[in-house]
Amino acid sequence: MISLKNVSKWYGHFQVLTDCSTEVKKGEVVVVCGPSGSGKSTLIKTVNGLEPIQQGEIRVNDTQVNLKSTNLAQLRAKVGMVFQHFELFPHLSIIENLILAQVKVLKRDKAAAREKGQALLKRVGLTAHADKYPAQLSGGQQQRVAIARALCMDPIAMLFDEPTSALDPEMINEVLDVMVELAQEGMTMMVVTHEMGFARKVANRVIFMDEGKIVEDRDKDEFFNNPQSDRAKDFLAKIL
Ligand code: ADP
Ligand code: MG
């Protein structure tokens, strides 16, 4: 469903991604980990065109992402993304946050969009908060809204960039629970996270990045039980 072939990217003279290739099949959950600054965020942002690339090719199903002619708004509806800092619209109520892109991008009528938004709020356990504003919710609740907002677009895949790393510890599990459920329902997911409990539970594969390169891309159990590179061994020793 998602394929990256020999992707390289530079910020000015600094090469942030070097010859990255991988594939994510339909229904697969791939966890991306690695030290800070290794290019994880940049890599997953290239998948929905949030970061352009200078070399290589990225495809999502039959859409080639890195073409000028690609409709990026449509692509980002199909490939939902959830960030570290929720990025809800602060001046819109929760339900309005969920309605906006459905109406603007998918051209749904407002009643249908509201209904869909309410169904997804229910799914993440936040029905009672529909008319509140983001600032009135806890971080964990806001992140669940961000996930619901992405799901309102009926995405074929979801990207997560450290979705729990800005949360207080007691809120991490309520977000991970939603993600585990999503994974178990068969959603195709690329997840940048250092939550190795999540990785062990639902990941099919783990990608380990270092200095802009994909150093390991392997079956989850093989990665945890027998990391090949010294960098991955060091990394696991530090976080486990
Ligand atoms: P990670 O998510 O693994 O911490 P990032 O993808 O955020 O890594 O960043 C990889 C490298 O690229 C870092 O050295 C970072 O400083 C650099 N970088 C990230 N974004 C930019 C940018 N917009 N301009 C220049 N350098 C950037
Ligand atoms: Mg990052």
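Please read these numbers as outputs of a predicted model, since none were measured by experiment.

The rules behind the values
- Residues numbered from 1 in each chain as written.
- Chains lettered and ligands numbered in written order.
- Predicted model: local features only at pLDDT ≥ 70, side-chain atom pairs only at ≥ 80, totals over all residues.
- Heavy atoms only, no water.
- Helix = DSSP H or I, 4+ residues; strand = E, 2+ residues; numbered from the N terminus.
- Buried < 20%, exposed > 50% of the residue type's maximum accessible area, 1.4 Å probe, protein only.
- Lys, Arg positive; Asp, Glu negative; His and termini not counted.
- Salt bridge = Lys/Arg side-chain N within 4 Å of Asp/Glu carboxyl O.
- Contact = heavy atoms within 4.5 Å.
- Pairing = 2+ DSSP bridges.
- Core = buried A, V, L, I, M, F, W, Y, C linked by side-chain atoms within 4.5 Å.
- Near = heavy atom within 4 Å.
- Polar contact = N/O pair within 3.5 Å; in protein donor to acceptor, adjacent residues only side chain to side chain.
- Areas by Shrake-Rupley, 256 points an atom, 1.4 Å probe, with all protein chains shown as cover.
- Axes fitted to C-alpha atoms, helices over the stretch in contact; angles between N-to-C directions.
- Parallel < 35°, antiparallel > 145°, perpendicular 65-115°, else oblique.
- Left-handed = near helix turned anticlockwise from the far one by under 90°.
- UniProt positions renumbered as here; feature names shortened; annotations may be inferred.

**Student:** Whenever I open this one, the side chain of Asp161 confuses me. Can you help?
**Tutor:** Structurally, Asp161 can be placed in strand β7 (residues 157-161). Buried charged residue Asp161 carries no salt bridge. Nearest counter-charge: Lys45, at 5.1 Å. Look past the residues within four positions of Asp161 in its chain and what remains in contact with it is Ser41, Ile44, Met81, Val82, Phe83, Gln84 and Val192.

**Student:** Can you walk me through the pairing of strand β2 (residues 14-24) in this structure?
**Tutor:** In the case of a regular strand, side chains alternate between the two sheet surfaces. Both strand β1 (residues 2-11) and β2 contribute to a ladder of 7 bridges, which runs antiparallel. The residue of β2 that forms the bridge with Trp10 is Gln15. Taking the residues between adjacent antiparallel strands as the criterion, β1 and β2 are bridged by 2 residues, where Gly12 takes a positive phi near 60 degrees.

**Student:** Help me understand the nonpolar core in this model?
**Tutor:** Ranked by internal contacts, the top residues of the largest apolar core, which has 51 residues, are Ile147, Met158, Phe160, Met179, Met189 and Phe198. In terms of residues, this core owes the most to one element, helix α6 (residues 169-184), which gives 9 residues. Setting aside residues up to four positions removed in sequence, Met179 forms contacts with Ile147, Phe160, Pro163, Met189, Val191 and Phe198. Leu4, Leu17, Val47 and Met190 belong to the second largest nonpolar core, which has 25 residues in total.

**Student:** Which parts of the structure should I look at to understand the site of ligand 1?
**Tutor:** Neighbouring ligand 1 are the residues Tyr11, Phe14, Val16, Pro35, Ser36, Gly37, Ser38, Gly39, Lys40, Ser41 and Thr42. At a separation of 2.7 Å, an oxygen atom of ligand 1 approaches a polar backbone atom of Gly37. In the environment of ligand 1, an oxygen atom lies 2.8 Å from a nitrogen or oxygen atom belonging to the side chain of Ser41. Isolated, ligand 1 exposes 560 Å² of accessible area, and the fraction of that covered by the protein chains is 58%.

**Student:** Where do I start with the pattern of salt bridges in this structure?
**Tutor:** Between side chains of opposite charge, pairing is possible as soon as their charged atoms come close. Using the criterion set out here, one finds 11 salt bridges in the structure. Between Glu222 and Arg218 there is a salt bridge whose closest N-O contact spans 3.5 Å. What makes Glu222 partly exposed here is its relative accessible area of 42%. For Arg218, a relative accessible area of 15% gives the class buried. Several salt bridges share partner residues, and in doing so they unite Glu28, Arg205 and Asp217 into one network.

**Student:** What am I meant to see in unusual backbone geometry here?
**Tutor:** For residues besides glycine, phi is generally negative; the peptide bonds are generally trans as well. Of note in the backbone geometry, Asp19 takes a positive phi value of approximately 50 degrees without being a glycine. In the Ramachandran plot, Lys107 falls in the positive-phi region, its phi being about 60 degrees despite a non-glycine side chain. Take Lys107: it is sitting in the loop between α3 (94-104) and α4 (110-123).

**Student:** How should I be thinking about the packing of helix α5 (residues 139-151) against α6 in this particular structure?
**Tutor:** Two measures define how a pair of helices packs: the angle their axes make with one another and the distance between the axes. The N-to-C vectors of α5 and α6 enclose an angle of 20 degrees; their axes lie 8 Å apart at closest approach. Looking at the two axes, α5 sits roughly parallel to α6. Two packed elements cross with a definite hand, and for α5 against α6 that hand is right-handed. Between α5, through Gly139, Gly140, Gln141, Gln143, Arg144, Ile147 and Leu151, and α6, the contact on the second element is made entirely by Met171, Glu174, Val175, Val178, Met179 and Leu182.

**Student:** Could you clarify how one ought to interpret the UniProt feature "domain: ABC transporter" (unreviewed entry) in the chain in this entry?
**Tutor:** As annotated in UniProt, the feature "domain: ABC transporter" (unreviewed entry) corresponds to residues 2-236 in the numbering used here. Overall, residues 2-236 shows 38% helix and 26% strand. The separation of its end C-alpha atoms is 26 Å.

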